[in-house]
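# Structural features, examined
The primary structure of each chain is shown beneath.
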Amino acid sequence: FFSSHQDFITMGNVEMALVQPEAVKDPSLAGDLTLQVEQAFHMPDAHVSVEISIRNSEQGVTEVHPDGTGENKNSHSPTYKEAAPVVLRKVNPEDVLIFALHTHPGKKFGLPGPKGKELGTTEWRVRDFVRRPVRAMVFNDKDANIVMEPKEGKPATLQVRVASDPFPAGWPAPQPQPTQTYPKHVMMITRGTRGDVQPFAALARGLAERLGWRITICTELRYKEYLQKVTADLPPGQIQFRPSGGDTSKKIESTVSKKAMNTSTHLMQALMLSRSEAEFFGSEGALFHWAETLKPDSLVYGFTMANIAMIISEALHIPIVGFILQPSVIPSESYTPVTPITEGMTFPGRKKIAEIRCSEGVQKNLKHMMEAPPLPGTGLHTMRKKHHLHDIPAGRTWKVLMEQKSPCVVPIHPVAFNGKPADWGDNVKLTEFIFLRDKSQQTLDAMYTDFIEKAKADGHPVVLMAFSSMPVSREEILTTAALIVEKCTPQPAVIAMMGSRPAEKIGADLEKRVEGFKARGLLLEGKAAPFGQLLPRMDCNIIHGGLGTTAESMRAGKPVLVTGILLMDQRFWAKQVTELGISPGCSHIDVFDKHCVEWVTQALDPDGEWARNARELAAKLGDSDGVRENVEAVAEFVNNPGPLMDLREPEGRMARVKSAGRNLTAKAKGVLVHPMQSLHRKGRESPPRPSGAEDKTP
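For the structure given in this document, a descriptive report is provided here. This one's a predicted model, so the numbers in the text were calculated from it and none came from an experiment. In this numbering scheme, every chain counts its residues from 1 along its sequence in written order. For this predicted model, a pLDDT threshold of at least 70 governs which residues receive local features, and a threshold of 80 or more governs which side-chain atom pairs are given and counted, while totals over whole chains, interfaces and linings are taken from all residues. Calculated side-chain values reflect all of the structure's heavy atoms, with hydrogen atoms and water omitted.

Summing up its helical and strand segments, the chain has 22 helices and 22 strands in all. Burial classes follow relative accessibility: with a 1.4 Å probe on protein chains only, a residue under 20% of its type's maximum area counts as buried, one over 50% as exposed, and anything between as partly exposed. Considering the chain as a whole, with its 698 residues, one finds that 55% of them fall into the buried category. Residues count as neighbours in contact if any of their non-hydrogen atoms are within 4.5 Å of one another. Long-range pairs, those at least 24 residues apart, make up 75% of the contacts in the chain with a sequence separation of at least 6. In the structure as shown, the chain presents an accessible area of about 30,600 Å², 54% of it carried by carbon and sulfur atoms. Numbering of helices and strands runs from the N terminus, with a helix taken as a DSSP run of H or I at least four residues long and a strand as a DSSP run of E at least two residues long. Accessibility throughout is a Shrake-Rupley quantity obtained with a 1.4 Å probe, and a residue counts as covered only by protein chains that appear here.

On to the packing of helix H6 (residues 266-274) against helix H10 (residues 360-371), then. In this analysis, axes come from line fits to C-alpha atoms, helices being fitted only over the stretch in contact, and the angle between any two N-to-C directions falls in the range 0 to 180 degrees. The N-to-C vectors of H6 and H10 enclose an angle of 55 degrees; their axes lie 8 Å apart at closest approach. With respect to their mutual orientation, H6 and H10 come out oblique. For the pair H6 and H10, the sense of crossing is right-handed. Contacts between H6 and H10 involve Ala270, Leu271, Leu273 and Ser274 on the former and, on the latter, Gln363, Leu366, Lys367 and Met370. In these notes the angle categories are as follows: under 35 degrees is roughly parallel, over 145 is roughly antiparallel, 65 to 115 is roughly perpendicular, and the rest is oblique. Each crossing gets its hand from how the near helix is turned against the far one by less than a right angle, where anticlockwise is left-handed and clockwise is right-handed.

Our focus in this paragraph is the packing of aromatic side chains. Centre distance and the angle of the planes are the two values used to describe a pair of aromatic rings. When the centres of two rings from Phe, Tyr and Trp lie within 6.5 Å, Trp using its six-membered ring, the rings pair. Their planes under 30 degrees apart give stacked, over 60 give edge-to-face, and anything left gives tilted. Tallied over the full model, the rule gives 13 aromatic pairs. With a centroid separation of 6.3 Å and an interplanar angle of 70 degrees, the aromatic rings of Tyr335 and Phe417 are classed as edge-to-face. Of this pair, Tyr335 sits in the loop between strand S15 (320-323) and helix H9 (348-357) while Phe417 is found in the loop between strand S16 (408-410) and strand S17 (428-430), placing the two residues 82 residues apart along the sequence. Among the aromatic residues, those joined into a cluster by ring pairs are Tyr335, Phe417, Trp424, Phe433, Phe435, Phe572 and Trp573. Lying over the aromatic face of Trp290, Arg242 brings its terminal NZ or CZ to 5.6 Å of the ring centre. When the NZ atom of lysine or the CZ atom of arginine is within 6 Å of a ring's centre and also within 35 degrees of its normal, the charge is said to sit over that ring. Stacked on the ring of Phe637, the Lys or Arg Lys429 has its end atom at 5.0 Å from the ring centre.

It is worth spelling out the sheet that holds strand S3 (residues 62-64) at this point. Read from one edge of the open sheet, four strands run S3-S2-S5-S6, paired in antiparallel fashion. Looking along the sheet, the strands with just one partner apiece sit at the ends: S3 and strand S6 (118-125). With direction set aside, neighbouring strand axes in the sheet form an average angle of 20 degrees. Two strands qualify as a pair provided DSSP detects at least 2 bridges between them. With seven bridges joining them, strand S2 (residues 48-54) and strand S5 (residues 96-103) adopt antiparallel strand pairing. Each bridged residue has a counterpart across the sheet, and for Ser49 the counterpart in S5 is His102.

Note on placement: Asn92 falls in the loop between strand S4 (86-91) and S5. Whenever two N or O atoms come within 3.5 Å, that pair is a polar contact, provided that in protein one can donate a hydrogen and the other can accept it, and provided that, for residues adjacent in sequence, both atoms are side-chain atoms. Only 3.0 Å separates the side chain of Asn92 from the backbone nitrogen of Glu94, close enough to count as a polar contact. Setting aside residues no more than four positions away along its own chain, Asn92 makes contact with Lys25, Asp26, Pro27, Ala30, Val126 and Trp171.

Turning to empty space enclosed by the protein, a few remarks are in order. Site definitions follow a grid-based scheme: protein atoms alone, a 1 Å grid, a 1.4 Å probe that fits but cannot get out for cavities, and for pockets an open set with protein on both sides within 12 Å along at least five of seven lines, plus lining residues having an atom within 4 Å of a point. Grid points are joined across faces, edges and corners, and a volume is the space filled by probe spheres set on the points. For the coordinates displayed, the defined rule picks out one cavity of 30 Å³ or more. Computed from the structure, the largest cavity encloses a volume of approximately 50 Å³. Around the largest cavity sit Thr190, Arg191, Asp196, Phe200, Gly302, Phe303, Thr304, Phe323, Ile324, Leu325 and Gln326, which together line it. Counted by class, the lining of the largest cavity contains five nonpolar, four polar and two charged residues. All amino acids are sorted into three groups, where Ala, Val, Leu, Ile, Met, Phe, Trp, Tyr, Cys and Pro are nonpolar, Asp, Glu, Lys and Arg are charged, and the leftover types, Gly among them, are polar.

A word on unusual backbone geometry. Cis geometry marks the peptide bond from Asp165 to Pro166; its omega dihedral reads 5 degrees. Structurally, Pro166 is set in the loop between strand S10 (157-162) and strand S11 (185-189). Residue Thr489 is joined to Pro490 through a cis peptide bond whose omega torsion reads -10 degrees. Tracing the sequence through the fold places Pro490 in the loop between helix H14 (474-487) and strand S19 (493-497). Positive phi, normally seen in glycine, also occurs at Met568, with a value near 50 degrees.

Turning to the sheet that holds strand S21 (residues 540-543), a few remarks are in order. Within the open sheet, the five strands sit side by side as S20-S19-S18-S21-S22. Their pairing is parallel. This sheet does not close on itself; its edge strands, each paired only once, are strand S20 (523-526) and strand S22 (560-562). Between one strand axis and the next, the sheet turns through 15 degrees on average, direction left out of account. Strands in contact with H14 are strand S18 (462-466), S19, S20 and S21; relative to S19, the strand with the most contacts, it is inclined by about 170 degrees.

Next up on the list: the pattern of salt bridges. Definition used for salt bridges: Asp or Glu carboxyl oxygen within 4 Å of a side-chain nitrogen of Lys or Arg. Counting across every chain of the model gives 29 salt bridges. Between Arg55 and Glu123 there is a salt bridge, and its shortest N-O distance comes to 2.6 Å. Taken together, the residues Arg55 in the loop between S2 and S3 and Glu123 in strand S6 connect sequence positions 68 residues apart. We note a salt bridge from Glu292 to Lys154, for which the minimum N-O separation is 3.3 Å. Residue Glu292 is located in helix H7 (residues 284-294), and its partner Lys154 is located in strand S9 (residues 154-155); the two are separated by 138 residues in the primary sequence. For the pair Glu292 and Lys154, one class covers both residues: buried. Here the residues in one salt-bridge network are Glu94, Arg127, Asp128 and Arg131, joined through shared partners.

Turning our eyes to something else, we now look at the nonpolar core. Definition of nonpolar core: a set of buried residues of the types Ala, Val, Leu, Ile, Met, Phe, Trp, Tyr and Cys, connected through side-chain atoms within 4.5 Å. In terms of nonpolar packing, the biggest core is built from 165 residues, with Tyr301, Trp398, Ile495 and Leu534 touching the most fellow members. Apart from the residues lying within four places of it in its own chain, the contact partners of Trp398 are Glu277, Tyr301, Phe303, Ala306, Ile324, Val329, Ile330, Pro331 and Cys408. Counting 31 residues, the second-largest nonpolar core is a separate cluster that includes Ala40, Ile52, Val91 and Val160.

Right, let's get into the environment of Val160. The topology assignment puts Val160 in strand S10. Owing to a relative accessible area of 0%, Val160 belongs among the buried residues under this scheme. Spatially, the C-alpha atom of Val160 lies 10.0 Å from that of Tyr80, the residues being 80 residues apart in sequence.

In this model helix H21 (residues 627-639) runs 18 Å from its N-terminal to its C-terminal C-alpha over 13 residues, within 8% of the 18 Å that 1.5 Å per residue would give. Among the residues making up H21, those that are buried are Val627, Glu629, Asn630, Val631, Ala633, Val634, Ala635, Phe637 and Val638. Where H21 is buried, its residues touch helix H2 (194-211), strand S14 (298-301), S15, S16 and S17. In a helix, the anticipated span is given by 1.5 Å times the number of residues less one.

As structure tokens, then:
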């Protein structure tokens, strides 16, 4: 399943293309590959066949059916002993193996019948698959979620053996998984965009390099190759990957998601924040399974995983530590969960309404609605009940965590946060911004250095525009960039970072202007660059307000302008850079053109207030990558975990009231409830779960 080198589990839908990059095929290495499907575990249907094929191959698909006799009949964990080995002819190590699971409805009635729906797929490059003699693989459905067995809530797993004899010459010979002991094993769970994953990668590297710990990172499959790349120089297996399921980036690219995120109303922002955990409840089964089978010493979670982390901690008795990149979710009188933007609101009543919609009270109620939906079998209550845990009110996750003194590390420099809020307890630590300095990207590409040097030699200051993965279109970016080049004084040159945005067409007039600016060396479209190297060379940085980019901008010592869709914590950081005196405020991308000329012109004044404040702030923040500070803070909590959370209600007036209420309800239904059956009586322990050792899943 794992390691930090070439054996990361590789799975996914065809369009995700998440297998290892293809090397040049050597025809002389083609050979026959023999595979033996051995057993499946926790399949969602009792009649599942396996299809094995090679991508872009003419040799077709081989279908393997489970044994249909004895105990194996109608089993959700069938064997395939009766199936003949699958022989794939003239396979190249650079070919891609595709495994697919299909249902067979007719077999329930003893009928042959056609195959039914596709349950899920997984892909492997041959050279990676054969590195182990046996592979146990999980599958993704069409929505990138892990295929699960619904009753037991475990990932559907297929075990396949490499049975080639003789083994093709020149191929990497299968080797057993290396065994190694480590002082600690920490499991990290996070989901979201790349900005939600990158700080965990930096922390994982730090814990592995500085303390020699083993780290398991559980996140979306989309980031597998990225994590593999940034940990490739570590010993194999020290940082391992497990899939959480889901694909946030794909989801936010949908039309509905884009419309929601581009809606600037405070109520919509509050709704999206309230949904930030419930949106990922679908990962609970897979993450619980990994924790149950891997048995880590501690669990480090991101803010979208708080409820799932609590469930794992309580049910499996694993200490947890929050690594919180969005600190406004922690209740405090110092800020609101959603930062209100009152630009253009002249009527006091509208400002008051905006403040109410952004308040802690409204957020708690909205979060309750999202986490406790009316549909049966869904929501937080159902997840906790499945693991025999005491119920907690939906929407109160962070209040409960703070009441329980659950440890949290917030990787933000205290100066940038205006100090630690007075109502945060000792269980919450502000540390330092954390950066993952990719050794392969420590120098700027010549296209950037040449553009910057020429612009400055010609007397043009340079402005950066960068919006990460936020849904700001190429046309919107270039329209604003052209306006800045044409109207600001002194005339700046602009670098517009497009990231992975498609090269969409723009209007003919805008295209003509853009091409003219490019020809004069006043506009450059880029895809990616190390911001630690690029931002300090700018004279002004226009960004979307995410934590990572904002931290880099503050450290660069240059004025910052925040625009874009201003989603959740991006509003918080827009407010922070304004209060720190390095920015005039923020404006949604839809109306940014009303302000950009005036703001950029002021920002380009090297003797102006914003520029002076930016230089002073950068000096206070220093140049640490934050790895040491965050490793020390997390290690202190992991090494001194304290008591586990106890969410049983103490015996008291409220407990007696709730118990009486349940008794009355039960009597009304004709059911007699003995007082000792009260769920919340003092001393009641959760029923023990079956031992993980009894689970036969590989």
